[in-house]
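# Chains, contacts and geometry: an overview
Listed below, chain by chain, are the residues.
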Amino acid sequence: MPADTPILELREVSTEFRVGGKWYPAVRRVSLSVAKNETLAIVGESGSGKSVTALSILRLMPETGARQGGGEILLEGQNLSKLSEKQMSRLRGNAIAMIFQEPMTSLNPTMRIGDQIAEAVRQHRKLGWEEARKIALDVLEEVKIPAAKKRFNDYPHQFSGGMRQRVMIAIALACKPKVLLADEPTTALDVTIQAQILTLLDDLKNAYGMSVVFITHNLGVVAQIADRVAVMYGGEIVELADVNSLFAHPEHPYTEALLRAMPRVDSDAAVLEPIPGSVPAITAMPAGCAFAARCPLREPICEAQHPPLAELPGSGHQVRCFVRARQAKGQA
Ligand SMILES: Nc1ncnc2c1ncn2[C@@H]1O[C@H](COP(=O)(O)OP(=O)(O)OP(=O)(O)O)[C@@H](O)[C@H]1O
Ligand SMILES: [Mg+2]
């Protein structure tokens, strides 16, 4: 594998759902890549296609009523779309692991914490319980559960929300994945615990040399954890940029609106501006720009044509907006 091969790459991935007998795309030609030890954040409002993107990577869409609408997913250059279901199940939780938003529903309430982690190890490694439990205890210590040895035999209900999320992370990391998909892993937690979990994830990413795809609707979290950011709207990437570039020069009017709607410690909360309207349903996606109906920069072309994701001169910053692409071209 050449040194610059991304660990994970999506090429024009589309995922569709059947609604009322017709197929509609929920993820539309999404292309992105994640380098080794990089954290890519996917951010966007509810219904923008973030979870469907992550579930598509692991081929975890419902068996009926959902289908891959095209594109390729590559792990270290290997095309996952060509793998059988059996090969995919070997990969899940092993080379690519995922953590979900709600830790309580993902843990087995009747099984001891330590054994749940050990079981995750045994799913992918031919190990006896004793060896698997040893690895499980190591991981439990790595996610900084205080008195891990003692807590190993506890049940999920004996853990706080933050500690349960640490257990979920331990399960995800038990097989040392190359890629961790984290779908809103801190949303259910209060702000202090959320910050601790983000720090932990960042430390573990560096310790394991992992790549992370971090899904959130919270730009504050993005600023804390991401190297690069993909902003999604209506199932598409509308802006893709380095995290510093995104916060310093947001280009898409949707990203600007998200930033204005973001609570900040350094400014008056009274200036928060919620974005009026909502993401169009997949059955009512406009032919032109998906954001046009809510956009302050809207021009006739925005409703007539679908804007491409254009790279702005010299910045590596990509934006799907006729107006902004034209303005950048004028300045260059
Ligand atoms: N099983 C399904 N059948 C039909 N439509 C679906 C299905 N699952 C998701 N969708 C639609 O696909 C779109 C993208 O959904 P997705 O769950 O990816 O959004 P999201 O960005 O993760 O939002 P949230 O922030 O609320 O988690 C939405 O319009 C949603 O209604
Ligand atoms: Mg989601």
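What counts, and where the lines are drawn
Each chain carries its own residue numbering, running from 1 in the written order of its sequence. To read the labels, note that chains go from A and ligands from 1, taken in the order they are written. Given that the model is predicted, a residue must reach a pLDDT of at least 70 before its local features are reported, and side-chain atom pairs must reach 80 or more before they are shown or counted; all residues, however, enter totals for whole chains, interfaces and linings. Values reported for side chains reflect all heavy atoms of the structure, with hydrogen atoms and water molecules removed beforehand. UniProt positions are given in the numbering used here, feature names are shortened, and annotations may be inferred rather than shown by experiment. Only DSSP runs of H or I reaching four residues or more are called helices, and only runs of E reaching two or more are called strands; each is numbered from the N terminus. Any two residues whose heavy atoms approach within 4.5 Å at even a single point are treated as in contact. A pair of strands is labelled paired if DSSP reports no fewer than 2 bridges between them. To obtain an axis, a line is fitted to C-alpha atoms, over the contacting stretch when the element is a helix, and the angle between two such axes runs from 0 to 180 degrees between their N-to-C directions. Aromatic contacts are taken between Phe, Tyr and Trp rings whose centres are within 6.5 Å, Trp giving its six-membered ring; a plane angle under 30 degrees counts as stacked, one over 60 as edge-to-face, and the others as tilted. We call a residue buried when its accessible area falls under 20% of the maximum for its residue type, exposed when it is over 50%, and partly exposed in between, using a 1.4 Å probe and counting protein chains only. Side-chain atoms within 4.5 Å link the members of a nonpolar core, which is a set of buried Ala, Val, Leu, Ile, Met, Phe, Trp, Tyr and Cys residues. Salt bridges, as used here, are contacts in which a Lys or Arg side-chain nitrogen is within 4 Å of a carboxyl oxygen on Asp or Glu. Counted as a polar contact is a pair of N or O atoms within 3.5 Å, where, for protein atoms, one must be capable of donating a hydrogen and the other of accepting one, and residues adjacent in sequence contribute only when both atoms are in side chains. In this scheme, roughly parallel covers angles under 35 degrees and roughly antiparallel covers those over 145, while 65 to 115 is roughly perpendicular and the rest are oblique. A crossing counts as left-handed when the near helix is turned anticlockwise from the far one by less than a right angle, and as right-handed when that turn is clockwise. Three classes are used: nonpolar for Ala, Val, Leu, Ile, Met, Phe, Trp, Tyr, Cys and Pro, charged for Asp, Glu, Lys and Arg, and polar for all others, with Gly counted as polar.

The name an unreviewed UniProt entry gives the protein chain is Peptide/nickel transport system ATP-binding protein, with Pollutimonas bauzanensis as the organism. One UniProt comment on the protein chain, placed under Sequence similarities (unreviewed entry), says "Belongs to the ABC transporter superfamily."

The next thing to look at is the side chain of Thr15. By the element assignment, Thr15 lies in strand β1 (residues 8-19). When near neighbours in sequence (up to four residues on either side) are disregarded, Thr15 contacts Tyr24, Pro25, Ala26, Val27, Val52, Ser56, Met61, Arg67, Gln68 and Gly69.

Strand order in the open sheet made by the four strands is β2-β1-β4-β5, with antiparallel pairing throughout. Each end of this open sheet is capped by a strand with a single partner; those strands are β2 (22-34) and β5 (78-79). Taken together, the nine bridges between β1 and β2 define a ladder with antiparallel strand orientation. Bridge pairing in β2 places Glu9 opposite Ser33. Each of β1, β2 and β4 (66-75) touches helix α1 (residues 50-57); the most contacted strand, β1, lies at about 110 degrees to it.

Before going further, it helps to spend a moment on the packing of aromatic side chains. On inspection of all chains with the given rule, the structure shows three aromatic pairs. Ring geometry for Tyr233 against Phe291: centres 5.1 Å apart, planes inclined by 85 degrees, an arrangement best described as edge-to-face. With Tyr233 in strand β9 (residues 228-233) and Phe291 in the loop between α11 (253-260) and α12 (300-304), this pair connects stretches of sequence that are 58 residues apart. Using a relative accessible area of 1% as the deciding quantity, one classes Tyr233 as buried.

Here Glu12, not a glycine, exhibits a phi torsion of approximately 50 degrees, which is positive. Overall, Glu12 belongs to the partly exposed group, its relative accessible area being 40%. Notably, Ala147 is not glycine yet its phi reads approximately 50 degrees, a positive angle. Within the secondary structure, Ala147 sits in the loop between α5 (129-142) and α6 (148-151).

Moving on, we get to the nonpolar core. If you look at the biggest cluster of nonpolar residues, it comprises 38 residues, and the most contacted ones within it are Leu140, Ile169 and Leu180. Broken down by secondary-structure element, the contributors of at least two residues to this core are β6 (96-99), α4 (113-124), α5, α7 (161-173), β7 (179-183), α8 (191-208), β8 (211-216) and α9 (219-225). If near-sequence neighbours (up to four positions away) are discounted, Ile169 is found in contact with Ile99, Val143, Ile197, Leu200, Leu201 and Leu204.

A separate point is α1. Among the eight residues of α1, six are classified as buried, and the element is accordingly described as predominantly covered. By the burial criterion, the buried members of α1 are Lys50, Val52, Thr53, Ala54, Ser56 and Ile57. Trailing α1 by a residue or two, Arg59 shows a phi angle of about 50 degrees, which is positive.

On to the pattern of salt bridges, then. On inspection of all chains with the given rule, the structure shows 16 salt bridges. Glu38 serves as the salt-bridge partner of Arg228, at 2.8 Å between the closest nitrogen and oxygen. Pair noted here: Arg228 is in strand β9 and Glu38 is in the loop between β2 and β3 (39-43), with a separation of 190 residues, a long-range link. Judged by its relative accessible area of 21%, Arg228 is partly exposed.

Turning next to the side chain of His124. Within the element layout of this structure, His124 appears in helix α4. In this structure His124 comes out as buried when scored by relative accessible area, which is 19%. Only 2.8 Å separates the side chain of His124 from the backbone oxygen of Arg92, close enough to count as a polar contact.

For the rest of this paragraph, the subject is helix α13 (residues 322-331). Every α-helix carries 3.6 residues per turn, so stepping three or four residues along brings you back to the same face. Among all positions of α13, only Phe322, Val323, Arg324 and Ala328 are buried. For α13, the secondary structure elements touched by its buried residues are α11 and α12.

Once that is clear, we can look at the environment of Leu309. Topologically, Leu309 is positioned in the loop between α12 and β11 (310-311). Taking the C-alpha atoms as reference points, Leu309 and Gly220, 89 residues apart in sequence, are found 25 Å from one another.

Quick look at the packing of α4 against α5 now. Direction vectors running N to C along α4 and α5 enclose 115 degrees, while the axes themselves pass 8 Å from each other. Comparing the axis directions of α4 and α5 gives the class roughly perpendicular. Along this stretch, α4 crosses α5, giving a crossing that reads as right-handed. Contacts between α4 and α5 involve Ile113, Gly114, Asp115, Ile117, Ala118, Glu119, Val121 and Arg122 on the former and, on the latter, Trp129, Ala132, Arg133, Ile135, Ala136 and Leu140. Class assignment of the residues belonging to the contact of α4 with α5 gives a composition of nine nonpolar, one polar and four charged.

Another point: the sheet that holds β11. Read across the sheet, eight strands follow the order β6-β7-β8-β3-β9-β10-β12-β11 without closing on themselves; strand pairing throughout is mixed. The open sheet is flanked by β6 and β11, the only strands paired with a single partner. The strands touched by α8 are β3, β6, β7 and β8; relative to β8, the strand with the most contacts, the crossing angle is about 160 degrees.

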